[in-house]
Amino acid sequence: MSTPLPGTPLPPLAGGAGGRAALRPLLDTVLDALHEGALARGGPIPSGGPDTVAQRLLDATATALPDTGTGAEEALRTLVQALAHGAADPADPLCVAHLHTPPLAVAAAADLAVSALNPSMDSWDQAPAASALEAHVTRTLAAEVYPHGPAPDALVTTGGTESNQLALLLARERHGPVQLVHGANAHHSLPRAAWLLGLPEPVAVPAPAGVIDLAALDEALTDLHHPLLVAATAGTTDTGRIDPLPEIADLCARHNAELHIDASYGGPLLFSDVHKHRLDGLDRAHTVTLDLHKLGWQPVAAGLLAVPGTAALTPLAHQADYLNADDDTEAGLPDLLGRSLRTTRRPDVLKIAVTLRALGRQGLAALVDHTCAAAQHLADLVENTPGLELHDRPTISTVLFRPTSASDDDIATIRRTLLTEGRAVLGRARADDRLWLKATVLNPHTTHNDLKALLSLLSHPSLPSPLSLPEGSTHR
């Protein structure tokens, strides 16, 4: 073992044979601080609003760069506890605003190993085993999307936004300046990617019922010049709706347009025998976006872009002598630069791989089925609660509802009041020209009583009249 230079003792490293001894006491400190912070928070989000939360954090952490360090244990305890105290905790069943999932413990534990080993996925000599694992797992997941593809493959991304950008980039490299045609229900990252890539102005097709209007899409594809890329959505951010994928694929084939499907939200329905039929037609897309830090319960980030054949990724090839010199590649060292537009990147595939192995298809299906069932039960409760209105039955796990007597201003005020008081984290969505409260149920451990407790919070003084909840409702 090498001897460090004389002087101030150096802090230990996380990796190597000595990493376990250095990490173990620090992990205890982190876990205790997470627990203490959650207890201090006492709910899904800290109370007080932005200014109060920011001041509380500053009071707890003091100077960010002291002249003399406080030591590892104090720094971890203070900052982790302060962060946990001020967190919006997706593991709390009343934190249901966004597609922000509570991560599985096994996935979070796997992420620790990635941080300790710190491979960088831009050259094989920085990530020998991780590069092999990524190739194996991405091809396995791509085969779920493209079971009959010639050589299904997928890139690991930071999420839906990067995946959608890559999909448009690949289409541009195949056909030149493609014009994007997307539903009005599409994620904002799609038209933004067209702007970023200097593509023609995208065409937004009406989606009056929350999904692409097929007649309007047919008309647009008839009138527009080629090349065209149609983007459909399997799980919108506002309502969770899934576009009619087979019919859209038929229109694309008829008009000689390419198809991209953003399945960031709905993609994991593939694991469930109960729900995977909702994704019929997914395999007819040229590219598919998946995002396992949504309905896959992974720590951020865990995105994928799937293609039916590895050859579709050829335009991403890039060469840098210090990372993938030609003679190294010819000698058999894997070339990783064509696997991402990023250079330095973590092997986010490890947590995905551990989850797939730990739970298997049946375990993942159970999580999907439990979560979708909880959303259906919440919809039942809304329908059976006098004074509440349900927008529609959930397609996946998003439920829109509102007090029947409330104005849009009331809805916005209710949501912000619950946030400021630290009682619940509800989202907001506009549908049918009205503002709705949005609950995106992503916690498979959510109980019926949790859902009743969520609705009980809407018995709020700002409403014109109190709500009547079913018998047995609980208040938090």
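Attention in this report is confined to the structure presented alongside it. Think of each chain on its own: its residues are numbered from 1, step by step along the sequence as written. Reporting in this predicted model follows two pLDDT cut-offs: at least 70 for local features of residues, and 80 or more for side-chain atom pairs to be given and counted; totals over whole chains, interfaces and linings ignore these cut-offs and use all residues. Think of the side-chain values as coming from all heavy atoms in the structure, minus any hydrogens and water.

## Considerations on the sheet that holds strand β5 (residues 258–263)
Okay, so step 1: DSSP bridges decide pairing: two strands pair if at least two such bridges lie between them. Helix and strand definitions here come from DSSP, where helices need a minimum of 4 consecutive H or I residues and strands a minimum of 2 consecutive E residues; each element is numbered from the N-terminal end. Taken together, seven strands build an open sheet; the order of strands is β1-β7-β6-β5-β4-β2-β3 and the sheet is mixed. The open sheet has two edge strands, β1 (153–157) and β3 (203–205), and neither has a second partner. Direction aside, the axes of adjacent strands within the sheet are offset by 20° on average.
Okay, so step 2: Inspection of the sheet shows strand β2 (residues 179–183) paired to β3 by three bridges, in the parallel sense. Think of each axis as a best-fit line through the C-alpha atoms, taken over the contacting stretch in the case of a helix, with angles from 0 to 180 degrees between the N-to-C directions.

## Looking at the sheet that holds strand β11 (residues 434–440)
Okay, so step 1: Taking strand neighbours across the sheet as the criterion, the four strands line up as β8-β9-β11-β10 in an open arrangement whose pairing is antiparallel. The sheet terminates laterally at β8 (388–390) and β10 (427–431), the two strands that pair on one side only. Adjacent strand axes in the sheet meet at a mean angle of 40°, parallel and antiparallel pairs treated alike.
Okay, so step 2: Note that β10 and β11 share five bridges and pair antiparallel. Looking at the pairing, R430 lines up with L435 of β11.
Okay, so step 3: Helix α12 (residues 349–383) rests against β8, β9 (398–403) and β11 of the sheet, and its axis sits at about 135° to β8.
Okay, so step 4: Contacts are assigned to residue pairs with any non-hydrogen atoms lying within 4.5 Å of each other. On the sheet, helix α13 (residues 408–421) packs against β9, β10 and β11 and is oriented at approximately 30° with respect to β11.

## Let's talk about the nonpolar core
Taken as a class, soluble globular proteins show a tendency for nonpolar side chains to be buried jointly.
Okay, so step 1: Counting residues in hydrophobic clusters, the biggest one holds 55 residues, and the most contacted among them are L217, V230, L259, I261, L282 and V288.
Okay, so step 2: Those residues in contact with L217 that sit more than four places away from it in its chain are V181, V205, I212, V230, I248 and L251.
Okay, so step 3: Here the nonpolar core consists of buried residues drawn from Ala, Val, Leu, Ile, Met, Phe, Trp, Tyr and Cys, with membership extended through side-chain atoms lying within 4.5 Å. For every residue, the accessible area obtained with a 1.4 Å probe (protein chains only) is divided by the maximum for its type, and the residue is called buried under 20%, exposed over 50%, and partly exposed between those limits. Core analysis: the next-biggest nonpolar cluster, separate from the first, contains 28 residues, L388, A406, A412 and L455 among them.

## Topic: the packing of aromatic side chains
Two measures describe an aromatic ring pair: the distance that separates the ring centres and the angle between the ring planes.
Okay, so step 1: Here is the rule: rings of Phe, Tyr and Trp (six-membered ring for Trp) pair when centre to centre is within 6.5 Å. Planes less than 30 degrees apart are stacked, more than 60 are edge-to-face, and the remainder are tilted. Applying the stated criterion across every chain, the model contains zero aromatic pairs.
Okay, so step 2: Lysine and arginine charges are scored as sitting over a ring when NZ or CZ, respectively, is within 6 Å of the ring centre and within 35 degrees of the ring normal. Seen from the ring of W436, R402 lies directly overhead, with NZ or CZ sitting 5.8 Å from the centre.

## Observations concerning the packing of helix α1 (residues 19–41) against helix α3 (residues 72–85)
Okay, so step 1: Running from N to C, α1 and α3 point in directions that differ by 30°, and their axes come no closer than 7 Å. By the criterion of interaxial angle, the relationship of α1 to α3 is roughly parallel. Considering only the axes of α1 and α3, their crossing is right-handed. Packed against α1, whose contacting residues are L26, T29, V30, A33, L34, E36, G37, A38, A40 and R41, the element α3 presents A72, E73, L76, R77, V80, Q81, A84 and H85 at the interface.
Okay, so step 2: Amino acid classes used here: Ala, Val, Leu, Ile, Met, Phe, Trp, Tyr, Cys and Pro are nonpolar; Asp, Glu, Lys and Arg are charged; the rest, including Gly, are polar. For the contact of α1 with α3, the class distribution of residues is ten nonpolar, four polar and four charged. Throughout this description, any angle smaller than 35 degrees is read as roughly parallel, any larger than 145 degrees as roughly antiparallel, any in the 65 to 115 degree range as roughly perpendicular, and the remainder as oblique. In this scheme the crossing of two helices becomes right-handed for a clockwise turn of the near helix relative to the far one and left-handed for an anticlockwise turn of less than a right angle.

## A look at the pairing of strand β4 (residues 228–233)
Within a regular strand, side chains alternate between the sheet's two faces.
Okay, so step 1: For β4, the buried fraction is high: six of the six residues fall into the buried class.
Okay, so step 2: The alternating pattern of β4 places L228, V230 and A232 on one face and L229, A231 and T233 on the opposite face, and all of these are buried.
Okay, so step 3: Note that β2 and β4 share four bridges and pair parallel. Considered in β4, the bridge of L180 is made with L229.

## Re the pattern of salt bridges
Where charged atoms of side chains with opposite charge meet at close range, the side chains can pair.
Okay, so step 1: Salt bridge, as used here: a side-chain nitrogen of Lys or Arg that lies within 4 Å of a carboxyl oxygen of Asp or Glu. Under the criterion given, the structure shown has 22 salt bridges.
Okay, so step 2: For the salt bridge of R346 with D348, the shortest nitrogen-to-oxygen distance reads 3.0 Å.
Okay, so step 3: Take R346: its relative accessible area is 30%, and that puts it in the partly exposed class.
Okay, so step 4: We note a salt bridge from R423 to E421, for which the minimum N-O separation is 2.9 Å.
Okay, so step 5: Residue classification places E421 among the partly exposed positions, given a relative accessible area of 39%.
Okay, so step 6: Here the salt bridges do not stand alone but share partners, grouping D111, R346, D348 and K351 into one network.

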